[in-house]
Amino acid sequence: MTQSPSSRPLLPGSTIGVLGSGQLGRMFAIAARQMGYRVHTFSPDTDTPAGQVSDKEWKASYDNHKLLTQFSKSVDVVTFEFENIPVSSVQVVAQHTRVHPKAQVLYISQNRWREKNYLASHGFPVAPFQKVGSLGELTNAIKKIGFPCVLKTAGFGYDGKGQRKVGTWAEAETAFKSFNGAEAILEGFVSFEKELSIIAVRGSDGAVDDFGVMENIHRQHILDMTLSPARVSPSVEKRACRMAQKILKSLDVVGVMCVEMFLEKSGKLIVNELAPRPHNSGHLTINAFQTSQFEQQLRAVCGLPLGSTERLAPAVMVNLLGNEWLKREPHWERALRVPGVHLHLYGKDQARAGRKMGHITATGHSLQMAQRAALAARRAL
Ligand code: AMP
């Protein structure tokens, strides 16, 4: 059977376009260049984490359709590394070249209302939720959902930005007003036992795989630590992975998608969020798995066979936030003395509190050993 030009695998030597230029784009570009691809990034900045390791850095706003068109014509396929790219920009790109995942996946996952609505209407378990566009709707939503609950802006939220846990009418009203009229959703508060994520991948031939369940620990709404494998029962592991794979199939994703879930004490799993790209909780796949999440993304968007998702060793990742830099440059050599530790820095020159500057992954013979090493290395900084 002959393949149409749009489904032919893109082989090494081809050029991959990336919309966005942060650390996810950087680690993707490193994986792509390692395999002999060229990488062009497109974002409103220069000397970016991804641009520093790319062949070409395009600087323009995402709604500069003229430059987007030129960019699209200069590459063989486009993917994105963060989900707040305007859907209209992705649609412009799609007129000129292949885009994975497709614009519809981005459209659904960049708005919490559409995402929750999609999941619920396709039979996936989510916390109770209501759309809130006015104080009247807020009152009705609280009557249905009850306290405590979480008010979130529908769009453009990440790392806990644009969300508040509320326990009283007054808190709810203050939170809603602080969003300055932005569309919001109210969600029931889930008193979860653990937060989990599944990094799953789907190839252009429909093959689906995942890296098992990651266990995530957040500090001040920002991911602090990921442990792999998660300390959950085989039954939870199986159900979580099956559910994540089903979501990728249902959305017809080509590429990597992270499915974040809450695990309740009863063993029930609730989907919290989808990220249609590689994810912070999958960074440890670089050092601890046969194939990293970034190489999987590359393989999927290029129409190549997916790599093995076998775990080589238990691993723990800890994030390095700008806070580590506030007093002085961290003591890298001390951290690197800890056996089993891998340092990843993102090339950001301005350290700010809460800004993700890098991460450390430690592997070990056991999860406990890996966790001890990762924490010791971070403390030594
Ligand atoms: P999100 O931006 O939706 O990923 O939320 C960031 C973090 O806030 C999550 O990782 C949870 O720790 C917490 N969170 C979000 N939604 C809920 C909820 N409905 N119930 C309890 N905690 C939540």
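Definitions and cut-offs
Residues numbered from 1 in each chain as written. Predicted model: local features only at pLDDT ≥ 70, side-chain atom pairs only at ≥ 80, totals over all residues. Heavy atoms only, no water. Helix = DSSP H or I, 4+ residues; strand = E, 2+ residues; numbered from the N terminus. Rg over C-alpha atoms; globule rule 2.2 N^0.38 Å. Buried < 20%, exposed > 50% of the residue type's maximum accessible area, 1.4 Å probe, protein only. Contact = heavy atoms within 4.5 Å. Areas by Shrake-Rupley, 256 points an atom, 1.4 Å probe, with all protein chains shown as cover. Lys, Arg positive; Asp, Glu negative; His and termini not counted. Charge placed at Lys NZ, Arg CZ, Asp CG, Glu CD. Near = heavy atom within 4 Å. Polar contact = N/O pair within 3.5 Å; in protein donor to acceptor, adjacent residues only side chain to side chain. Nonpolar A, V, L, I, M, F, W, Y, C, P; charged D, E, K, R; others polar. Pairing = 2+ DSSP bridges. Axes fitted to C-alpha atoms, helices over the stretch in contact; angles between N-to-C directions. 1 Å grid on protein atoms, 1.4 Å probe; cavity = no way out; pocket = protein on both sides within 12 Å on 5 of 7 lines; lining within 4 Å. Points joined across faces, edges and corners; volume = space filled by probe spheres on them.

K.L.:
Could you clarify how one ought to interpret the overall build of the chain in this entry?
P.N.:
In terms of helices and strands, the chain carries 12 helices and 17 strands. Computed over the C-alpha atoms, the radius of gyration of the chain is 21 Å, within 12% of the 21 Å expected from 2.2 N^0.38 for a compact globule of 381 residues. Taking the principal axes of the C-alpha coordinates as reference, the chain spans close to 60 × 50 × 45 Å. For the chain, the proportion of its 381 residues judged to be buried stands at 56%. Long-range pairs, those at least 24 residues apart, make up 62% of the contacts in the chain between residues at least 6 apart in sequence. In the structure as shown, the chain presents an accessible area of about 16600 Å², 50% of it carried by carbon and sulfur atoms. Averaging the coordinates of the 46 positive side-chain charges in the chain and doing the same for the 33 negative ones gives two points 1 Å apart.

K.L.:
So what exactly am I meant to see when it comes to the site of the ligand here?
P.N.:
Inspection of the region around the ligand gives 16 residues, with K152, Q163, V190, E195 and E273 positioned closest. Here a nitrogen atom of the ligand and a side-chain polar atom of E187 are 2.9 Å apart. Residue V190 places a main-chain N or O atom 2.8 Å away from a nitrogen atom belonging to the ligand. In isolation the ligand offers 480 Å² of accessible surface; the protein chains occlude 93% of this area. Of all the secondary structure elements, the ones that give two or more residues to the shell around the ligand are β7 (149-153), β9 (184-188), β13 (255-263) and β14 (269-275). Its residues placed into classes, the shell around the ligand shows five nonpolar, five polar and six charged.

K.L.:
What is the right way to read the sheet that holds β7 from this model?
P.N.:
If you walk across this open sheet you meet the four strands as β6-β9-β7-β8, and the pairing is antiparallel. Because the sheet does not close on itself, it has two edges, and the strands there are β6 (129-132) and β8 (163-166). Across the sheet, the axes of successive neighbouring strands diverge by a mean angle of 20°, strand direction being ignored.

K.L.:
When you look at the environment of V77 in this model, what are you seeing that I'm missing?
P.N.:
The residue V77 is located in strand β4 (residues 77-80) in this model. The spatial distance from the C-alpha of V77 to the C-alpha of P101 is 11 Å, given a sequence separation of 24 residues. Excluding residues that lie within four positions of it along the chain, V77 makes contacts with L10, T15, I16, G17, T97, R98, H100 and V301.

K.L.:
Quick question: what am I supposed to make of empty space enclosed by the protein here?
P.N.:
One water molecule sets the probe size; rolling that probe over the atoms shows where empty space is left. Tallied over the entire structure, the rule returns two cavities of 30 Å³ or more. Taken as a whole, the second largest cavity encloses approximately 40 Å³ of empty space. Where the lining of the second largest cavity is concerned, the elements lending two or more residues are α1 (23-34) and β4. Of the residues contributing to the lining of the second largest cavity, the split by class is five nonpolar, two polar and one charged.

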